[in-house]
Amino acid sequence: MAAVYGPIECPLKAQLSDRAIVRVDVKGASSTVARSSKWLEKYFRESFEPVIATRMFPRGAIVIALQVMEDDGSVLATGINAGMMALVDAVVPLRSIVCASSVAMNSNHTLVLDPTQAEQSEAVVHATFAFESGRGLLSCKTWGFFEDERSFSNAASIAEQAADKVLAFLQIASNRKVNESHRM
């Protein structure tokens, strides 16, 4: 679940004179999410910050709240996609859109898109790829090592195709929101 608050007034001590700060708060039902929430918050902030038009809101704040209801794998990709949908829904000005997907490679060298927690645990390597619309790969977080460049390229290609489908969904949803707001 994701929500966006802002742009809002930023506490004086945290203000930046030339742009808004981006804060991400991650909460989760599982102890795994709770233990890694600071790392997740940093990862998500670094994924969202480059695409938000923060210079439009000097001394402001944009807060993205992510609630992990259940962790059955692909938390990074799910968080990025949910956060981006919330930013689009809140009509926060964006330079572009980020979409993500996760891929795991099992011991048979088979690639699994959107792996479950069990598939991630058994994988030789799993990775989350975040793509910026119109610009390509924004970030990649891996656990384990791809054995060669071809394996990495194949995983990135599959992830990009999946992220493109998420992007198409986001575009449809944002167009509907714009059309609904114009009818009112």
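Quick caveat, the model's predicted, so the values are computed rather than measured. (Residues numbered from 1 in each chain as written. Predicted model: local features only at pLDDT ≥ 70, side-chain atom pairs only at ≥ 80, totals over all residues. Heavy atoms only, no water.)

Caption draft 1: The environment of Thr116, seen in detail. With respect to the helices and strands, the residue Thr116 is situated in the loop between strand S5 (111-113) and helix H4 (117-122). Residue Thr116 is classed as partly exposed on the basis of its relative accessible area of 27%. Along the primary structure Thr116 and Asp72 are separated by 44 residues, whereas in three dimensions their C-alpha atoms are 5.3 Å apart. (Helix = DSSP H or I, 4+ residues; strand = E, 2+ residues; numbered from the N terminus. Buried < 20%, exposed > 50% of the residue type's maximum accessible area, 1.4 Å probe, protein only.)

Caption draft 2: Region of interest: the packing of aromatic side chains. Tallied over the full model, the rule gives 7 aromatic pairs. Ring plane angle 65° and centroid distance 6.0 Å describe the contact between Tyr43 and Phe44, whose orientation is recorded as edge-to-face. The exposure class of Tyr43 is buried, given its relative accessible area of 9%. A relative accessible area of 2% places Phe44 in the buried class. One aromatic cluster is present, formed by Trp39, Tyr43, Phe44, Phe48 and Trp143 through successive ring pairs. (Phe/Tyr/Trp six-rings, centres within 6.5 Å; stacked < 30°, edge-to-face > 60°.)

Caption draft 3: Seen up close, the environment of Glu149. Relative to the assigned elements, Glu149 resides in helix H5 (residues 149-183). Glu149 sits in the exposed class, given a relative accessible area of 66%. Each C-alpha atom, one on Glu149 and one on Lys27, is 36 Å from the other, the two residues being 122 residues apart in sequence.

Caption draft 4: View of the state of the cysteines. The full count for this structure, using the stated rule, is 0 disulfides. Here Cys140 is not cross-linked by a disulfide; its sulfur's nearest cysteine counterpart is in Cys99, at 16 Å. Classification of Cys140 by relative accessible area gives partly exposed; the value is 30%. (Disulfide = S-S within 2.5 Å.)

Caption draft 5: Structural detail: the nonpolar core. The biggest cluster of nonpolar side chains holds 41 residues, and the ones touching the most others in it are Phe44, Phe48, Ile64 and Leu87. Elements that contribute at least two residues to this core include exactly strand S2 (21-28), helix H2 (37-48), strand S3 (60-68), helix H3 (75-89), strand S4 (98-105), strand S6 (125-132) and H5. Examining the composition of this core, we find that 8 residues originate from one element, H3, more than from any other. Residue contacts for Leu87: discarding those within four places in its chain leaves Val4, Phe48, Ile52, Ile62, Ile64, Val92 and Leu94. (Core = buried A, V, L, I, M, F, W, Y, C linked by side-chain atoms within 4.5 Å. Contact = heavy atoms within 4.5 Å.)

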